[in-house]
Amino acid sequence: MVEALAPGDRVITAGGIHGVLTEVAPETVRIEVAPQVVLTLARPAIARLVEADAPTEPDPTSGAAGTHAEDHVTIDPDAPDHEDRA
């Protein structure tokens, strides 16, 4: 699949980034993820092609639809704060 990539293909990366290929080189691809926002990635980072007629709405189970993952942070009360670092 990675061998058949072409500019204009809609893709999803292994990290879950959706975009459109703008350039395909032997080792890298350039993917537009927003208007005029283009990332350069290693070619194997492309996980799959998106069907031309596939919906562009986020998957409601992916967490992208307004839900947020919990990030549990433990604060050490004995750790220095920003003012203590000089």
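All figures in this text were calculated on a predicted structure; none of them were measured in a lab.

## What about the overall build of the chain?
For step 1, the next point in the chain: Counting its regular elements, the chain contains 0 helices and 5 strands.
For step 2, the next point in the chain: The helix and strand sequence of the chain, counted from the amino end, reads β-β-β-β-β.
For step 3, the next point in the chain: In the chain, buried positions account for 14% of the 86 residues.
For step 4, the next point in the chain: At a minimum sequence separation of 6, the contacts of the chain that also span at least 24 residues come to 35%.
For step 5, the next point in the chain: Of the roughly 6800 Å² that the chain leaves accessible, carbon and sulfur atoms contribute 54%.

## A look at a nonpolar patch on the surface
For step 1, the next point in the chain: A cluster of nonpolar side chains, Ile17, Val33 and Val37, forms an exposed patch at the surface whose accessible area comes to about 180 Å².
For step 2, the next point in the chain: Inspection of the secondary structure puts valine 33 in strand β3 (residues 28-34).

## Some thoughts on the pairing of strand β4 (residues 37-42)
For step 1, the next point in the chain: Two elements, β3 and β4, share 6 bridges in a ladder whose sense is antiparallel. Within β4, the residue paired with alanine 34 across the bridge is valine 37.
For step 2, the next point in the chain: Counting the residues between successive antiparallel strands, the hairpin from β3 to β4 contains 2 residues, one of them, glutamine 36, with a positive phi of roughly 65°.

## Brief notes about the nonpolar core
For step 1, the next point in the chain: Counting residues in each nonpolar core, the largest one holds 7 residues, listed as Leu5, Val11, Leu21, Val29, Ile31, Leu41 and Ile46.
For step 2, the next point in the chain: Not counting chain neighbours up to four residues away, the residues in contact with leucine 21 comprise Leu5, Ala6, Pro7, Gly8, Asp9, Val11, Val29, Arg30, Ile31 and Ile46.

## Description of the sheet that holds strand β1 (residues 10-13)
For step 1, the next point in the chain: Reading across from one edge, β4-β3-β2-β1-β5 is the order of the 5 strands in this open sheet, with antiparallel pairing throughout. Looking at the sheet topology across the chains shown, the edges are occupied by β4 and β5 (46-49). Sheet twist, expressed as the mean angle between neighbouring strand axes with direction ignored, is 45°.

## Focus on the pairing of β1
For step 1, the next point in the chain: In terms of strand pairing, β1 meets strand β2 (residues 18-24) through 3 bridges, oriented antiparallel. Among the inter-strand pairings, arginine 10 is bridged to a residue of β2, identified as valine 20.
For step 2, the next point in the chain: Between the antiparallel neighbours β1 and β2 lie 4 residues, among them glycine 16 with a positive phi of about 90°.

## As for the environment of valine 50
For step 1, the next point in the chain: By the secondary structure assignment, valine 50 is in the segment after β5.
For step 2, the next point in the chain: Through-space distance from the C-alpha of valine 50 to that of aspartate 9 is 7.6 Å; in sequence the pair is 41 residues apart.
For step 3, the next point in the chain: Among residues more than four places away in sequence, those in contact with valine 50 are Arg10, Val11 and Ile12.

Basis of the calculations
Residues numbered from 1 in each chain as written. Predicted model: local features only at pLDDT ≥ 70, side-chain atom pairs only at ≥ 80, totals over all residues. Heavy atoms only, no water. Helix = DSSP H or I, 4+ residues; strand = E, 2+ residues; numbered from the N terminus. Buried < 20%, exposed > 50% of the residue type's maximum accessible area, 1.4 Å probe, protein only. Contact = heavy atoms within 4.5 Å. Areas by Shrake-Rupley, 256 points an atom, 1.4 Å probe, with all protein chains shown as cover. Patch = residues over 30% accessible without salt bridge, like charges linked within 9 Å, V, L, I, M, F, W, Y side chains within 5 Å. Salt bridge = Lys/Arg side-chain N within 4 Å of Asp/Glu carboxyl O. Pairing = 2+ DSSP bridges. Core = buried A, V, L, I, M, F, W, Y, C linked by side-chain atoms within 4.5 Å. Axes fitted to C-alpha atoms, helices over the stretch in contact; angles between N-to-C directions.

Such coordinate-based values are descriptive only and should not be taken to indicate function.
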